[in-house]
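Given next are the chains, with one letter for each unit.
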Amino acid sequence: MTDQQSGPAEPLGLVENSRGVWTFTADADLLLRCAAGGFDWVAGDAQHGPVDRAGLHAIGRAFADAVTPFVVRVPAVALAWIGAALEAGAAAVIVPSVTGAADAVLVARASRYPPEGDRSWGPFAPVWGGTAPDPVAANAGVRCLALIETAGALADVDEIAATPGIDGLFVGPFDLALSLATSVDALLDDHSPGSPLEMVVAAAARHGILVAAFAGSPGNAARLRAHGIDCLAVATDLGVVAEGCRPPLAADGFTPPG
């Protein structure tokens, strides 16, 4: 994104040097408000949020004419869910519970139509009067990111990054720390040679793919950037709403707790 002095720029999408917001809602109006706030992308969470198949349809319709792209974390290595998120118009899918290279092959193929993959045809857009994408163009435009959040995924990270159709590695620091029996702080502050985050960044660089991560706060975003990761979910909808409540209350002479 450009700074304010350079004038506003169109959101970048899920690419290097981009800032996204991670949301835990299925409310399309709130998602659009987040999109209008200047983030480069908006992530909907179908694993730890209330986004279901009906929610996907509503979000896809709401974002059909939006400039800011939306991405979806699907619930698991679930091929039908990957397809449904993309059919709703998601610019990318972020796939959790990847335990190794074999899962990476499955999710990469689920993200693309034949002959490159196994995705089933069934776009949502015609339901609301939109235009179905061309399969070739859809294959070229889709982005599939494997969440690196398990010890198995970390052990196979180079093979996962080399998998055709895996367009990026997405670090989930909370689950990765749990899987490695460490803390999030220790994980983020580990700059030793061969550290977990160094392994992920190096694998992405070797294979020329994106590396991204969930930060959730500006402080964690800065720590992840110190590892060379600059495609980041820098905030959550929960944090944005909480912080947005503070200025009007403070202006009225009240300091909210917390």
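Just above sits the structure.
Residues numbered from 1 in each chain as written. Predicted model: local features only at pLDDT ≥ 70, side-chain atom pairs only at ≥ 80, totals over all residues. Heavy atoms only, no water.

Visitor: Sorry, what's going on with the environment of Ala 242 here?
Guide: For Ala 242, the location among the structural elements is in helix α12 (residues 237-251). Given a relative accessible area of 36%, Ala 242 falls into the partly exposed group. Separated by 214 residues in sequence, Ala 242 and Ala 28 place their C-alpha atoms 19 Å apart. (Helix = DSSP H or I, 4+ residues; strand = E, 2+ residues; numbered from the N terminus. Buried < 20%, exposed > 50% of the residue type's maximum accessible area, 1.4 Å probe, protein only.)

Visitor: Would you take a moment to explain the sheet that holds strand β5 (residues 143-148) for this structure?
Guide: Either a parallel or an antiparallel arrangement is found when strands of a sheet pair, and the pairing is made through backbone hydrogen bonds. The strand order β1-β2-β3-β4-β5-β6-β7-β8 describes a closed barrel built from eight strands, whose pairing is parallel. Along the sheet, successive strands turn relative to each other by an average axial angle of 25°, direction set aside. Relative to strand β6 (residues 168-171), β5 is paired through four bridges, and the arrangement is parallel. Within β6, the position partnered with Ala 146 by the bridge is Leu 169. (Pairing = 2+ DSSP bridges. Axes fitted to C-alpha atoms, helices over the stretch in contact; angles between N-to-C directions.)

Visitor: Just to check I follow, could you spell out the nonpolar core for this structure?
Guide: Proteins that are soluble and globular tend to have nonpolar side chains buried together. Counting 61 residues, the largest nonpolar core has Leu 56, Ile 166 and Leu 169 as the members making the most contacts within it. The contact partners of Leu 169, leaving out residues within four places of it in the chain, are Ala 146, Ile 148, Val 157, Ile 160, Ala 161, Val 200, Ala 203, Ala 204, Ile 209, Leu 210, Val 211 and Ala 212. Counting residues in each nonpolar core, the second largest holds 15 residues, with Ala 43, Ala 92, Ile 94 and Ala 233 among its members. (Core = buried A, V, L, I, M, F, W, Y, C linked by side-chain atoms within 4.5 Å. Contact = heavy atoms within 4.5 Å.)

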